[in-house]
Amino acid sequence: MDAFTAGLLQRIKATESDLTRARDEGDEFLVDVEQGELDDLRRLAAEHGVEVGAYSV
């Protein structure tokens, strides 16, 4: 796995964790921010042929 893929997958994992935390805390604004970030990261992954579920980081 190259550095770009590893870094992207790590950012996705961290953002998913942050999104879960925001939901658990009931912070709707932060949920929206983290969901937007996650959507952007997943779009970037798709544009570069990175299958998000294919690797464990």
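Further up the page is the structure itself.
Notes on the structure in this doc start here. All figures in this text were calculated on a predicted structure; none of them were measured in a lab.

Parameters at a glance
Residues numbered from 1 in each chain as written. Predicted model: local features only at pLDDT ≥ 70, side-chain atom pairs only at ≥ 80, totals over all residues. Heavy atoms only, no water. Helix = DSSP H or I, 4+ residues; strand = E, 2+ residues; numbered from the N terminus. Expected span 1.5 Å × (residues − 1). Buried < 20%, exposed > 50% of the residue type's maximum accessible area, 1.4 Å probe, protein only. Contact = heavy atoms within 4.5 Å. Polar contact = N/O pair within 3.5 Å; in protein donor to acceptor, adjacent residues only side chain to side chain.

### A short note on helix α1 (residues 3–25)
Now for step 1: Taking 1.5 Å per residue as the helical rise, α1 with its 23 residues ought to reach 33 Å, and the 33 Å between its terminal C-alpha atoms agrees with that figure.
Now for step 2: All buried positions along α1 are accounted for by Thr5, Leu8, Leu9, Ile12, Thr15, Leu19 and Ala22.
Now for step 3: Contacts from the buried residues of α1 go to α2 (28–47).
Now for step 4: Looking at where α1 begins, the residue whose side-chain oxygen comes 3.3 Å from the main-chain nitrogen of phenylalanine 4 is aspartate 2.
Now for step 5: Just beyond α1, the residue with positive phi is glycine 26, at close to 75 degrees.

### Some words on the environment of arginine 21
Now for step 1: The residue arginine 21 is located in helix α1 in this model.
Now for step 2: By relative accessible area, arginine 21 is classed as partly exposed at 42%.
Now for step 3: Considering only alpha carbons, one finds arginine 21 and valine 31, ten residues apart in sequence, at a separation of 8.7 Å.
Now for step 4: Polar side-chain contacts of arginine 21 include one of 3.2 Å to the side chain of aspartate 18.

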